[in-house]
Amino acid sequence: MKRFFLYLGVAFMIFYCLFPIYFLILDSFEPTNVAYSSPPILYPIAFTLSNYIGVFKDLHLTTYIMNSTFVSLSATAIVLFIGALAAFAITKIRFIASNTLLNFLLILGFFPAATMIFPLYKMFASLRLLNNYLSLILPYVSMNIPLTVWVLTTYFEQIPNELYEAARVDGMSRFQAFYKVIVPLGIPAVSTVAILDFIACWNEFILALTFMTKKNMRTITVGISMISGRFSYQYPWGEIIAGALLVTLPLVIIIFVAQEKIISGLTAGAIKG
Amino acid sequence: MLKREINPRHEKGYYVAVIGFVIPIVIFFTVFQIYPLLKNVQLSFSNIKNSPTLNNFKVILFGRSFWQSTWITVRFSLISVSLEMSIGFIFALLLNQSFRGRKAVRTIFLIPWALPTAIMAVGWKFLLQHSYGPIPWILYWLHIVKSPPYFLSMPRMAFASIIIADVWKTVPFCALLLLAGLQAIPKDLYEAMEVDGAGWFFKLRRLTLPLMLPAITVTFTFRFLQAFGVFDLIWVLTGGGPGNATMALSPFIYQQTFNWLNIRSGAATAVMTSIYIMGLVIVVWLTRRHVGRRYAIQ
């Protein structure tokens, strides 16, 4: 009896997570006349790929994906490098204000992007960087510093100090000790953070909405959510949803490949950071 | 053997090294986070001719919109985070049982979390559409409502919509965080209670809940601060409307700044929002001793 209720609960949880996605997948494969029928039909009766073809033809999805990929990868690479440097300094060189710095970063991370957006916009406008990848990469780096440093600090703490000290005694400089000893040992942590940072950049919306005013510079979140039909009642739902599902696919693949890493990174980051 | 700590400060080039390793992140967050926050303060206290004034604050603090936005934000954060925590806790309790396919369920739980909020909001906008969206009709067919409700064009329903979407996205995430807390509770404590003949409710009330209190508080705090800055979801799903029914603080700042080009009111609202955040952080800081800021993960 207890097992029965347990599995009932499990079934409900799966249903909870997936039912919206079911309707979206259903809609993305429906021809327009079926998709717009009212009341809606909740099971598949017709099948077409036209939405998926249309999303590449009409909606510049390829451009958006390229933009998002480039921006997210660059920002992730930079934040990993400078975040790892800082986490190394905090855990291995151990300076006086390191705890203050960590707490400061934590608090800084709580301020919503909306509270900083106009000065950033003005800054990039005066540097002529609007519609330039840099205007997203740089703030994304900054945005991901708290998470990166916190999670990496948690992991680097577990690498024995003796290893660092031995490297130093052997005559390595601090930087050599960093990239020859600590980074190779910290690769699992670094890849965990890389995934979390990449997802955060890929999903970012408000800065991309504001700084990328040209259509061909948009990232996927803005590109897809700002699509509108020629007339407001001609909202091309099928194509929008096909696009939405397509750009989520890389994330789902990442999840399936690296779920253990993501969960450990999330709990380390969210609980301690 | 006595553990000998080398004081790294006595090494050659210590200060140069510290500065060298930490300076990149300091530069980044100074330029892209601290400077904008301070610049907003300056903007909010100045007028178009750049002379000091309190007028921007007078306009927003004596107007209705700002307080309305504050109220909407507080209501949204409190309601959705409370729902997320309670449902998430139940899900975490279920996930903490052993059953077949547990790992697969945990993977599925990551899907709503990883979905970009803006994209998820697009999806919900479709699901909640009046004439061809499935959710209003399902509610109607289940006889929960008398006619398919207009989710996005009625103020109360629009507010409910953003809560529904936010709860859907975040419950699995909260569940995973709480699950990490549950797994940190030593199993022998439960066994000891079972030997003494405790039922499941007693165990939940006297063992699980007290030991989970730090995890619950931390998750609640983090989620609350996050929800307080909600933008993507509202901007895409309702655009702050209908009217101003879902205009939380972040979209309100954005609307003032970029739609109405009222930069200085926007800056003043941003400063007020920052003050709220700081207030919340201070409250958390002062109470951290009482809830225990850290707890073991493994």
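Residues numbered from 1 in each chain as written. Chains lettered and ligands numbered in written order. Predicted model: local features only at pLDDT ≥ 70, side-chain atom pairs only at ≥ 80, totals over all residues.

K.L.:
Residue-level account of the overall build of chain A, with values.
P.N.:
Across its full length, chain A carries 13 helices and zero strands. Each helix and strand of chain A, ordered N terminal to C terminal, gives the series α-α-α-α-α-α-α-α-α-α-α-α-α. Taking all 273 residues of chain A together, 49% fall into the buried category. Nonlocal contacts in chain A, meaning residues at least 24 apart in sequence, comprise 76% of its contacts between residues at least 6 apart. (Helix = DSSP H or I, 4+ residues; strand = E, 2+ residues; numbered from the N terminus. Buried ≥ 20, exposed ≤ 12 C-beta atoms within 10 Å, placed from the backbone. Contact = placed C-beta atoms within 7 Å.)

K.L.:
Please give an account of helix H7 (residues 134-156) of chain A that cites residues and values.
P.N.:
The sharpest bend along H7 of chain A comes to roughly 45 degrees, located at Ile-145 of chain A, with the proline Pro-146 of chain A sitting one to four residues further on. Most of H7 of chain A is tucked away, with 22 of its 23 residues classed as buried. (Bend = angle between axes of the 7 residues up to and from the residue.)

K.L.:
Can you break down the nonpolar core residue by residue, with the values?
P.N.:
Residues Ala-86 of chain A together with Ala-175 of chain B are the most contacted members of the largest nonpolar core, which totals 163 residues. Top element by residues in this core is helix H4 (residues 61-93) of chain A. It accounts for 15 residues. Leave out the neighbours within four places in its chain, and Ala-175 of chain B touches Gly-88, Phe-91, Ala-92, Leu-95 and Phe-109 of chain B. (Core = buried A, V, L, I, M, F, W, Y, C linked by C-beta atoms within 7 Å.)

K.L.:
So, the confidence of the model for chain A: which residues are in play, and what are the values?
P.N.:
Per-chain confidence: chain A averages 86 in pLDDT, with 96% of residues scoring 70 or above. When pLDDT is averaged over each element of chain A, helix H6 (residues 117-126) of chain A comes out on top at 94 and helix H2 (residues 32-35) of chain A at the bottom at 75. (pLDDT = per-residue confidence, 0-100.)

K.L.:
Outline the interface of chain B and chain A, supporting the account with residue identities and numerical values.
P.N.:
At the interface, 73 residues of chain B touch 75 residues of chain A. Per element, the largest residue contribution to the side of chain B that touches chain A is 15 residues, and it comes from helix H1 (residues 14-44) of chain B.

K.L.:
Which residues make up the domain arrangement of chain B, and what values do they have?
P.N.:
All names here are of chain B. Under the domain assignment used here, chain B contains domain 1 (1-44) and domain 2 (59-291). Between the C-alpha centres of domain 1 and domain 2 there is a distance of 34 Å. Residue composition of the side of domain 1 that touches domain 2, by class: three nonpolar, two polar and no charged. (Domains from an automatic or database assignment. Nonpolar A, V, L, I, M, F, W, Y, C, P; charged D, E, K, R; others polar.)

K.L.:
How would you explain unusual backbone geometry if you had to name every residue and give the values?
P.N.:
In this structure, Arg-128 of chain A is a non-glycine residue whose phi angle is positive, near 55 degrees. If you check the backbone angles, Asn-131 of chain A has positive phi at about 60 degrees while not being a glycine.

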